[in-house]
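Working through the structure, step by step
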Amino acid sequence: MTQSQDNCKIIVVTSGKGGVGKTTTTANIGAGLAMEGYKVALIDTDTGLRNLDLLLGLENRIMYDLVDVTSGRVPYKKALVRHKKYDKLFLLPTSQIKDKLAVTPEQVTELCYEMSKDFDYILIDCPAGIEQGFKTAVAAADIALIVTMPEISAVRDADKIIGELMRAGKENILLIVNRIRPAMVEKGDMLDINDINDILAIKCIGQIPDDEAVVTSTNRGEPVIANEHSMAGKAYRNITKRICGENVPFMDLRVKESFFTRLRKLF
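Quick summary incoming for the structure in this document. Note that this is a predicted model, so its numbers are computed, not measured. (Residues numbered from 1 in each chain as written. Predicted model: local features only at pLDDT ≥ 70, side-chain atom pairs only at ≥ 80, totals over all residues. Heavy atoms only, no water.)

The next subject is the overall build of the protein. For the protein, the helix and strand inventory stands at 12 helices and eight strands. A compact globule built from 267 residues would reach a C-alpha radius of gyration of about 18 Å, and the protein, at 19 Å, matches this within 12%. Principal axes of the C-alpha set define a box for the protein whose edges measure 75 × 40 × 35 Å. Here the protein holds 267 residues, and the buried ones make up 54% of them. A total of about 13,200 Å² of accessible surface is found on the protein, and carbon and sulfur atoms cover 48% of it. For the protein, the centre of its 35 positive side-chain charges and the centre of its 36 negative side-chain charges are spaced 4 Å apart. (Helix = DSSP H or I, 4+ residues; strand = E, 2+ residues; numbered from the N terminus. Rg over C-alpha atoms; globule rule 2.2 N^0.38 Å. Buried < 20%, exposed > 50% of the residue type's maximum accessible area, 1.4 Å probe, protein only. Areas by Shrake-Rupley, 256 points an atom, 1.4 Å probe, with all protein chains shown as cover. Lys, Arg positive; Asp, Glu negative; His and termini not counted. Charge placed at Lys NZ, Arg CZ, Asp CG, Glu CD.)

Listed below in structure tokens is the structure:
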């Protein structure tokens, strides 16, 4: 069966390690694509541990979930929740009480095939790790975005995910490096982006600096991508444009030294 119809792109956002910002990335790219005028559906497949609704500020609007849809209880359109600010952004939340075996890869593939008639982009928020939830989430994807951090354990886990994706027949795999601290990178206390590229050997489409605005936005249920003053927000906007096919240069994240710091170094 064809996984998607017309020009709909199905993107899974995944990571080997938990806590690297995968769900935050899903929410922000989804909002960014909606801001660009595309009709976007976000599917939370982290059954039992859903958080995507919180990041979008939609937790009080949920009536039905992914399990209700895949079990045939309700059609998917009845379970969709439209975003309050972005009218082209929709969320299909998952269940908080079922486990990850409640939904199968075949059910998600069938659902994405049906939804692709109505959407330009479908983003699937994948559970961390390589268990059944991962297999379910990646089944229908045309593109995989791997989110990692510049830490050796996170990069090693991302490498494992790349191997699993390739075994699943996924060839369009892209990298997003999150929570970069330029000062630590320059001191050698955090992996350099070139080191990460050498280890993982996949195309990087996003470098996101560590930014307190992400925490503030998350707690408010507002994607940081809309914050014009946030470096992370700008990074997410650039990622969105690259996904849309634009050639956008990467931001310079190097630490800018003050005049007096440079002067002290001279002496």
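Still more ground to cover, so stick around.
As for its position among the elements, Asn 28 is in helix H1 (residues 22-35). On the accessibility criterion, Asn 28 (3% relative accessible area) is buried. Non-local contacts of Asn 28, meaning those with residues more than four positions away in its chain, are made with Pro 223, Val 224, Ile 225 and Tyr 236. (Contact = heavy atoms within 4.5 Å.)

Gaps left between atoms are located by rolling a probe of water-molecule size over the structure's atoms. The full count for this structure, using the stated rule, is three cavities of 30 Å³ or more. Its boundaries defined by the atoms lining it, the largest cavity holds a volume of some 50 Å³. Lining the largest cavity, in full, are Thr 24, Ala 27, Asn 28, Leu 55, Val 214, Ser 217, Thr 218, Glu 222, Pro 223 and Val 224. Residue assignment for the lining of the largest cavity shows that the elements contributing at least two residues are H1 and helix H10 (212-220). Residues of the lining of the largest cavity, tallied by class, amount to five nonpolar, four polar and one charged. (1 Å grid on protein atoms, 1.4 Å probe; cavity = no way out; pocket = protein on both sides within 12 Å on 5 of 7 lines; lining within 4 Å. Points joined across faces, edges and corners; volume = space filled by probe spheres on them. Nonpolar A, V, L, I, M, F, W, Y, C, P; charged D, E, K, R; others polar.)

Once that is clear, we can look at the environment of Ala 158. Assignment of secondary structure puts Ala 158 in helix H7 (residues 152-167). For the pair Ala 158 and Lys 17, spaced 141 residues apart in the sequence, the C-alpha separation amounts to 7.2 Å. The residues contacting Ala 158, other than those within four sequence positions of it, are Ile 146, Thr 148 and Leu 200.

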